[in-house]
Amino acid sequence: MRLDACPSLTQRWDALGRPFAHLPRWAAGLVLALLAGAMGWSVLATAPGDQPERAPVTAAPATSPNPLDRAKGDMALYARIAARVTAGEGYYAAAMDEQRASNYPTRPFVAVRLPTLALLQALIGVDGVRYAQLALVLACLWALNRRETPLAAWPERLGASVLLALGGAAALNPVAGLDQDFSAGLCLTLALLLYRRARWWPALLAAALALAVRELAAPFVLLWLAFALAEQRWREAGAVAALLALFAGGMALHFAAVEAGRLPGDLASQGWSALAGYRLPLSALAHLTGLRLLPVALAAPLAILPLIGWAAIRGRIGVFALLWFAGLFTMMALFARPENFYWVQLALPAYGIGLAFAPRGLFELFQGAAGRASRQT
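As a starting point, this report considers the structure included with it. (Residues numbered from 1 in each chain as written. Predicted model: local features only at pLDDT ≥ 70, side-chain atom pairs only at ≥ 80, totals over all residues. Heavy atoms only, no water.)

1. Structural notes on the packing of helix 3 (residues 73-86) against helix 4 (residues 91-101)
In step 1: At a minimum axis separation of 9 Å, helix 3 and helix 4 run at an interaxial angle of 145°. As helix 3 packs across helix 4, the resulting crossing turns out to be right-handed. Every residue of helix 4 that contacts helix 3 at Leu-77, Arg-80, Ile-81, Arg-84 and Val-85 is listed here: Tyr-91, Ala-93, Ala-94, Ala-95, Asp-97, Glu-98 and Gln-99. (Axes fitted to C-alpha atoms, helices over the stretch in contact; angles between N-to-C directions. Helix = DSSP H or I, 4+ residues; strand = E, 2+ residues; numbered from the N terminus. Left-handed = near helix turned anticlockwise from the far one by under 90°. Contact = heavy atoms within 4.5 Å.)

2. Section: a nonpolar patch on the surface
In step 1: Residues Trp-154, Leu-158, Val-162 and Leu-166 make up a contiguous nonpolar surface patch of about 470 Å² in total accessible area.
In step 2: Position of Val-162 among the secondary structure elements: in helix 6 (residues 154-168).
In step 3: Judged by its relative accessible area of 44%, Val-162 is partly exposed. (Patch = residues over 30% accessible without salt bridge, like charges linked within 9 Å, V, L, I, M, F, W, Y side chains within 5 Å. Areas by Shrake-Rupley, 256 points an atom, 1.4 Å probe, with all protein chains shown as cover. Salt bridge = Lys/Arg side-chain N within 4 Å of Asp/Glu carboxyl O. Buried < 20%, exposed > 50% of the residue type's maximum accessible area, 1.4 Å probe, protein only.)

3. Quick look at empty space enclosed by the protein
In step 1: Per the stated rule, a full pass over the model turns up two cavities of 30 Å³ or more.
In step 2: Its volume calculated, the largest cavity comes out at about 100 Å³.
In step 3: Lining the largest cavity are 13 residues, with Tyr-78, Ile-81, Tyr-91, Ala-118 and Gln-180 positioned closest to its centre.
In step 4: Of all elements in the fold, only helix 3, helix 4 and helix 5 (116-145) reach the threshold of two or more residues within the lining of the largest cavity.
In step 5: A per-class count over the lining of the largest cavity returns nine nonpolar, three polar and one charged.
In step 6: In this structure, the second largest cavity occupies an estimated 40 Å³ of space.
In step 7: Every residue along the wall of the second largest cavity is listed here: Ala-191, Leu-192, Tyr-195, Phe-220, Trp-224, Arg-316 and Phe-320.
In step 8: Among the elements of the structure, helix 7 (180-194), helix 9 (218-230) and helix 14 (316-335) are those that each provide at least two residues to the lining of the second largest cavity.
In step 9: When the residues that make up the lining of the second largest cavity are grouped by side-chain class, the tally is six nonpolar, no polar and one charged. (1 Å grid on protein atoms, 1.4 Å probe; cavity = no way out; pocket = protein on both sides within 12 Å on 5 of 7 lines; lining within 4 Å. Points joined across faces, edges and corners; volume = space filled by probe spheres on them. Nonpolar A, V, L, I, M, F, W, Y, C, P; charged D, E, K, R; others polar.)

4. A look at the environment of Gly-159
In step 1: Locating Gly-159 in the fold gives a position in helix 6.
In step 2: In this structure, the C-alpha to C-alpha distance between Gly-159 and Ala-356, residues 197 residues apart in sequence, is 5.4 Å.

5. Comments concerning the packing of aromatic side chains
In step 1: Evaluation of the coordinates by the stated rule reveals 11 aromatic pairs.
In step 2: Their ring planes at 90° and their centres at 5.6 Å tell us that Tyr-195 and Trp-224 sit as a pair that is edge-to-face. Here Tyr-195, found in the loop between helix 7 and helix 8 (201-213), pairs with Trp-224, found in helix 9; they are 29 residues apart in sequence, far enough to count as distant. The same class applies to Tyr-195 as to Trp-224, namely buried.
In step 3: Note on Trp-310 and Phe-357: the rings are 5.6 Å apart at their centroids and 85° apart in plane angle, and the pair reads as edge-to-face. Here the residue Trp-310 occupies a position in helix 13 (residues 305-311), and Phe-357 occupies one in helix 15 (residues 350-369), the gap between them amounting to 47 residues. Taken individually, Trp-310 and Phe-357 each receive the classification buried, so the pair is uniform in this respect.
In step 4: Above the face of the Tyr-195 ring, Arg-316 is positioned so that its terminal group lies 3.7 Å from the ring centre. (Phe/Tyr/Trp six-rings, centres within 6.5 Å; stacked < 30°, edge-to-face > 60°. Lys NZ or Arg CZ within 6 Å of the ring centre and 35° of its normal.)

6. A closer look at helix 3
In step 1: Its 14 residues give helix 3 an end-to-end C-alpha distance of 20 Å, which sits within 8% of 20 Å, the value for a rise of 1.5 Å per residue.
In step 2: Within the sequence span of helix 3, burial applies to Asp-74, Met-75, Ala-76, Leu-77, Tyr-78, Ala-79, Ile-81, Ala-82 and Val-85.
In step 3: Against the buried residues of helix 3 lie helix 4, helix 5 and helix 7.
In step 4: Backbone geometry just downstream of helix 3 places Gly-88 in the positive-phi region, at approximately 110°. (Expected span 1.5 Å × (residues − 1).)

7. A few points about the pattern of salt bridges
In step 1: Inspection of every chain in the model, using the stated rule, returns 16 salt bridges.
In step 2: For the salt bridge of Arg-214 with Asp-181, the shortest nitrogen-to-oxygen distance reads 2.9 Å. Taken together, the positions of Arg-214 in the loop between helix 8 and helix 9 and Asp-181 in helix 7 put the pair 33 residues apart, joining distant regions of the chain.
In step 3: Under the relative-accessibility criterion, Arg-214 is labelled buried at 3%.
In step 4: What emerges from the salt-bridge pattern is a single network uniting Arg-80, Arg-84, Glu-89, Asp-97 and Glu-98.

8. Here we look at the state of the cysteines
In step 1: Enumeration over the complete set of coordinates arrives at zero disulfides.
In step 2: Considering cysteine sulfurs only, Cys-187 is the nearest to Cys-140, which forms no disulfide, with 8.3 Å between them. (Disulfide = S-S within 2.5 Å.)

9. Focus: the nonpolar core
In step 1: In terms of nonpolar packing, the biggest core is built from 110 residues, with Phe-220, Trp-224 and Phe-325 touching the most fellow members.
In step 2: Aside from chain neighbours lying at most four places away, what touches Phe-325 is Leu-192, Leu-307, Trp-310, Ala-347, Ala-350 and Tyr-351. (Core = buried A, V, L, I, M, F, W, Y, C linked by side-chain atoms within 4.5 Å.)

In structure tokens form, the structure reads like this:
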């Protein structure tokens, strides 16, 4: 038998349909028990106000008409760097000088962000970047609703579209154009929703944009490579591997540029091995999304439900999304310091879409636990 005649794992998953509808009674009950335990733990683990604002927006002084003057923290740093690069100064000289002046580390080299977004800000302005982010949101909405095989029934797609639009509305914030993680998250959301086996290159372009903005997008691309290899899709795997090689070359150039501008007294980062646990991504989700408007007793459990929604979706996209989100949250739990809580934006707004798919997933789980077969659509 030819190797390419053997169905791959994801092809068999596609044929299975909605996975929760096929769980045996004991497995459905186990998933529900684990979910109940996780939701109960989330209420205890997440306390109100335990995450600082990354870039709180306050009323600008009356003497300052520029909305970017409202930025504080990291966003204020990026605004100053963007202004200097726009004025014609080199990125690395401006970035490292501003980080020293603000007591930010420049060691190791990844403590200095990639220059892509600052160069784009110099070209089209911070507001221009925001308009590009809004265009990405529209592209994500188009990709969500133009799939050959719909993700779910139309009421769920409508709910997913609303959630996607609400998550993308963060681009309306005047400082959104300074945020690398938010920009990369939009690109990864588009890559997730655009992917088609017969036409995968547009999704690869979106993933490349995410990598160019934020190096933490690399695990998403590595997961894609693993899927392509497992499915024996050699051309696709080669293209993804080539993108990773190009990214590695870009990071080498970034390393060289940071090293060339470093001074003996530059601060070093505290490192990334805080072992903060899963409460960190959970708390970040509760503070960086619309869930912050809810009491913590509701926000924390709701922050878990999108995982159930994505796990309940048929096909490659469901299992890929589940592994990507779980992997990112695990990376945060192991390596992120509390002040790195904004890493969770790499999962947004895609993660929130799963909340629209969660009710039917829960219904299928309850049906399975009760010993009744569920009907698929």
